[in-house]
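So you can see what is in the structure, the chains are spelled out below.
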Amino acid sequence: MRKRHQLNVVGAFYVEDGGCIACGAPEAEAPELMGWTDGPGDHCYFKRQPATAEEVDRAIRALEVSCCRALRYGGDDPAIIARLEPELVDHASREETPPAVDPVRTPSGRWMIAALLLLIVLAAALVLESR
Ligand code: SF4
């Protein structure tokens, strides 16, 4: 679980704590949503969650321009997740389809095929012996 900066307002959009190099880019994109700490260890954070479609657009833009990739989306709105790069989303894996498993390539699949072949050979042997 990622550590949120302590000044983030509670909500889906947040800034991960640490690693800020004070680029200021997210604040320029969404000044009404982004706050800025003062003093040593300057850091951006979400001071407010987006409340309108336009603000969601700006929040997404803020994530896109973050040079350190510290701005993230931890919500589960599929429409927002679809617009973001997967590495910026905490729950992107929920939307992903699990990789298909080829049963023939699994150990249990190979054993089942071997058992089936053995049964076929035994049945053929019984048929031949009964003649
Ligand atoms: S995006 Fe990263 S480097 Fe830029 S201000 Fe925010 S935390 Fe700092």
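Definitions and limits used
- Residues numbered from 1 in each chain as written.
- Predicted model: local features only at pLDDT ≥ 70, side-chain atom pairs only at ≥ 80, totals over all residues.
- Helix = DSSP H or I, 4+ residues; strand = E, 2+ residues; numbered from the N terminus.
- Buried ≥ 20, exposed ≤ 12 C-beta atoms within 10 Å, placed from the backbone.
- Contact = placed C-beta atoms within 7 Å.
- Near = placed C-beta within 6 Å.
- Nonpolar A, V, L, I, M, F, W, Y, C, P; charged D, E, K, R; others polar.
- pLDDT = per-residue confidence, 0-100.
- Core = buried A, V, L, I, M, F, W, Y, C linked by C-beta atoms within 7 Å.
- Expected span 1.5 Å × (residues − 1).
- Arc of directions from axis to C-beta.

(A) Just the overall build of the protein chain, in detail. A tally of regular secondary structure across the protein chain gives five helices and four strands. Listing each helix as α and each strand as β along the protein chain from the N terminus yields β-α-β-β-α-β-α-α-α. Counting the 131 residues in the protein chain, one finds 20% classified as buried. Contacts in the protein chain between residues at least 24 apart in sequence constitute 50% of all its contacts with a sequence separation of at least 6.

(B) Quick look at the site of the ligand. With respect to spatial proximity, 15 residues lie near the ligand, and among them Cys 20, Cys 23, Cys 44, Ser 66 and Cys 68 are the closest. Residues belonging to the shell around the ligand are distributed by class as follows: twelve nonpolar, three polar and no charged.

(C) Fine view of the environment of Leu 63. As for its position among the elements, Leu 63 is in helix H2 (residues 53–65). Between the C-alpha atoms of Leu 63 and Tyr 14, which are 49 residues apart in sequence, the distance is 9.3 Å. Dropping the residues within four chain positions of it, Leu 63 is found in contact with Leu 71, Tyr 73, Leu 84 and Leu 88.

(D) Here's a closer look at the confidence of the model for the protein chain. On average, residues of the protein chain score 89 in pLDDT, and 89% of them reach the 70 mark or higher. Predicted confidence in the protein chain is weakest over helix H4 (residues 92–95), with a mean pLDDT of 53, and strongest over H2, with 98.

(E) Layout of the nonpolar core. Formed by 19 residues in total, the largest nonpolar core has its most connected members in Val 15, Leu 33, Met 34, Phe 46, Ala 59, Ala 62 and Leu 63. Within the residue set of this core, elements represented by two or more residues are strand S1 (13–15), strand S3 (44–46), H2 and strand S4 (71–73). Element by element, the count of residues in this core is highest for H2, at five residues.

(F) Representation of the environment of Ala 70. On the secondary structure map, Ala 70 appears in the loop between H2 and S4. Assessed through the 23 C-beta atoms surrounding it within 10 Å, Ala 70 is described here as buried. Excluding residues within four positions of it along the chain, Ala 70 makes contact with Val 15, Glu 16, Gly 19 and Cys 20.

(G) Local environment of H2. Between its terminal C-alpha atoms H2 stretches 19 Å, which fits the 18 Å expected from 13 residues at 1.5 Å a residue. Burial in H2 covers these residues: Val 56, Ala 59, Ile 60, Ala 62 and Leu 63. The buried residues of H2 occupy an angular sector of 155° when the element is viewed end-on, so they sit on one face.

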